[in-house]
Amino acid sequence: MRNGINCKLVSEHLSAFVDEELDFDFSSEIKRHLCECLDCRRKFAKMLKLHYLLKKYFAGESLLEHKAKFVSNLKFVSSVDFVTQK
Amino acid sequence: MDYLRKKDYKKMDLMLLIDEAQGSDWVALEELLRRHSGIIYSTLYHLGPSGQNIDDLSQEVLMRIAKSIKSLKKKEHFKLWMNQIIYNVFYDDLRRKKRKPNMFSIDSFYDEPSEFQSKEIEDTSIHPDEKIKNFELDVLIRKSIRELEEPFREVVVLRELQGLSYEQIARILDTNIGTVKSRIARARAKLQEKLKDYLD
């Protein structure tokens, strides 16, 4: 335990820490704790890996292939818009 | 002529594109919709349990964006505004159908159009074993996300797919940042458990 920061607290906020959603001071405290605590560092590495796995998955092209199916209708969408607004 | 103009629009900065679209430039609007159609589709796909007509919902979102683009007051809020439309369309449809949440059929993945599989085969840059591993991982991630309870699934999609901040997610879901933070943490804990073989 250091400056009120302990493993339980770090664990609770690790997800927000990965997302950079914590305020600067608290984030710095967690960084310091991670430098000193191997267990928390392992948890952090796992959290980060999950984050990147999901990012890679969502960035994959497979789902985006679908967009070609309905993008062909976009002209219709935009044309309809301006016809109806005029 | 339109083709040449479109090529320029493809490079256009998003804020400028929105400006043009709001000024009744349909080519700009078309490009704006084209640029976001993939992420709209993907968001709806992951928000909903299998069986939902994602093509129809995507079209509805695009139509609403097209019809109301002029009402967007702050261009820098486009992403948030677009996600509010996605969210509204999705839950309007859900309410209408009174669907049962969190149904997942592993078969549904294999019923997807054949380009899913052919795309995998065409790519020769990855070793076949790795391709199979990636394919299996994709299936597992897809299944894991779909098995999450709705409140967890929606924050994962809005955060990891859309890249929205906690504050933006809270606004879309009409809740507070603390709740978003807690749901994302719990969702990740559940996903970590489901994907543990790939995280060690």
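Just so you know, these numbers come straight off a predicted model, no measurement behind them. In every chain, residue numbers begin from 1 and rise along the written sequence. Each chain takes a letter, starting from A, and each ligand takes a number, starting from 1, following the order in which they are written. Reporting in this predicted model follows two pLDDT cut-offs: at least 70 for local features of residues, and 80 or more for side-chain atom pairs to be given and counted; totals over whole chains, interfaces and linings ignore these cut-offs and use all residues.

Caption draft 1: Region of the structure containing the overall build of chain A. Only DSSP runs of H or I with at least four residues qualify as helices, and only runs of E with at least two residues qualify as strands; both kinds are numbered from the N terminus onward. Across its full length, chain A carries six helices and zero strands. For chain A, the succession of helices and strands along the chain, N to C, is α-α-α-α-α-α. Burial is judged by counting other C-beta atoms within 10 Å of a residue's own C-beta: 20 or more means buried, 12 or fewer means exposed, and anything between counts as partly exposed, with every C-beta placed from the backbone. For chain A, the residues scored as buried account for 23% of the 86 residues in total. For chain A, the share of sequence-separated contacts (at least 6 apart) that also reach a separation of at least 24 residues comes to 63%. Here, residues touch in the contact sense if the C-beta positions derived from the backbone fall within 7 Å of one another.

Caption draft 2: Highlighting the overall build of chain B. In terms of regular secondary structure, chain B is built from twelve helices and zero strands. For chain B, the succession of helices and strands along the chain, N to C, is α-α-α-α-α-α-α-α-α-α-α-α. Out of the 200 residues belonging to chain B, those deemed buried represent 34%. When contacts within chain B are restricted to residue pairs at least 6 apart in sequence, those whose partners lie at least 24 apart make up 64%.

Caption draft 3: Here's a closer look at the nonpolar core. Ranked by size, the top nonpolar core spans 56 residues in total, and within it L44(B), I86(B) and V155(B) carry the most contacts. In this view, V155(B) contacts I169(B), V180(B), R183(B), I184(B) and A187(B); residues no more than four positions away in its chain are not counted. By convention in this section, buried Ala, Val, Leu, Ile, Met, Phe, Trp, Tyr and Cys residues joined through C-beta atoms within 7 Å make up a nonpolar core.

Caption draft 4: Representation of the packing of helix 1 (residues 7–18) of chain A against helix 2 (residues 24–36) of chain A in the model. Residue and element names in this part refer to chain A. In this analysis, axes come from line fits to C-alpha atoms, helices being fitted only over the stretch in contact, and the angle between any two N-to-C directions falls in the range 0 to 180 degrees. Their axes nearest at 11 Å, the elements helix 1 and helix 2 cross at an angle of 115°. When you trace helix 1 past helix 2, the crossing you get is left-handed. Note on element contacts: helix 2 touches helix 1 through S27, I30 and H33, opposite V10, H13 and F17. Residue classes follow a fixed rule: Ala, Val, Leu, Ile, Met, Phe, Trp, Tyr, Cys and Pro count as nonpolar, while Asp, Glu, Lys and Arg count as charged, and any other residue, Gly among them, counts as polar. By residue class, the composition of the contact of helix 1 with helix 2 is three nonpolar, three polar and no charged. Throughout, a crossing is termed right-handed when the near helix is turned clockwise from the far one, and left-handed when it is turned anticlockwise from it by less than a right angle.

Caption draft 5: Region of interest: the confidence of the model for chain B. Residues and elements named next belong to chain B. Per-residue pLDDT for chain B has a mean of 81; in total, 76% of the residues score no lower than 70. pLDDT under 50 marks residues 99–124. Its contacts with residues more than four places away, or in other chains, come to 27 contacts. Scored as a complex, the prediction yields pTM 0.70 and ipTM 0.76. Per-residue confidence from the predictor is reported as pLDDT, a score between 0 and 100.

Caption draft 6: The confidence of the model for chain A, seen in detail. Confidence in the prediction for chain A averages 77 pLDDT; 66% of positions are at 70 or higher. Considering each helix and strand of chain A separately, the mean pLDDT is smallest for helix 6 (residues 74–85) of chain A, with a value of 50, and largest for helix 1 of chain A, with 95.

Caption draft 7: Expanded view of unusual backbone geometry. Residues and elements named next belong to chain B. A positive phi is found at S24, a non-glycine position, where the angle reads about 65°. Among the structural elements, S24 can be located in the loop between helix 2 (14–22) and helix 3 (26–47). Assessed through the 14 C-beta atoms surrounding it within 10 Å, S24 is described here as partly exposed. We note that D174 has phi near 55°; this positive angle belongs to a residue other than glycine.

Caption draft 8: Local environment of the environment of H36(B). Along the chain, H36(B) turns up in helix 3. For H36(B), a count of 20 C-beta atoms within 10 Å puts it in the buried group.

Caption draft 9: Representation of helix 4 (residues 54–68) of chain B in the model. The length a helix should cover is 1.5 Å for every residue beyond the first. Given a rise of 1.5 Å per residue, 15 residues ought to cover 21 Å, and the 21 Å separating the end C-alpha atoms of helix 4 of chain B matches this to within 8%. All of the buried residues along helix 4 of chain B are I54(B), L57(B), S58(B), Q59(B), E60(B), V61(B), L62(B), I65(B) and A66(B).

Caption draft 10: Representation of the packing of helix 3 (residues 38–59) of chain A against helix 11 (residues 177–194) of chain B within the structure. Where helix 3 of chain A contacts helix 11 of chain B, the axes come no closer than 10 Å and their chain directions differ by 90°. Considering the angle they form, helix 3 of chain A stands roughly perpendicular to helix 11 of chain B. Along its contact with helix 3 of chain A, which presents K46(A), M47(A) and L50(A), the element helix 11 of chain B presents R188(B), L191(B) and Q192(B). When the residues that make up the contact of helix 3 of chain A with helix 11 of chain B are grouped by side-chain class, the tally is three nonpolar, one polar and two charged. Reported orientations rely on four angle classes, namely roughly parallel under 35 degrees, roughly antiparallel over 145, roughly perpendicular from 65 to 115, and oblique for the rest.

Caption draft 11: Local environment of helix 9 (residues 150–161) of chain B. Residues and elements named next belong to chain B. Taking 1.5 Å per residue as the helical rise, helix 9 with its twelve residues ought to reach 16 Å, and the 16 Å between its terminal C-alpha atoms agrees with that figure. For helix 9, the set of buried residues is F152, R153, E154, V155, V156, V157, L158, R159, E160 and L161. G163 sits one or two positions beyond helix 9 and adopts a positive phi of about 65°.

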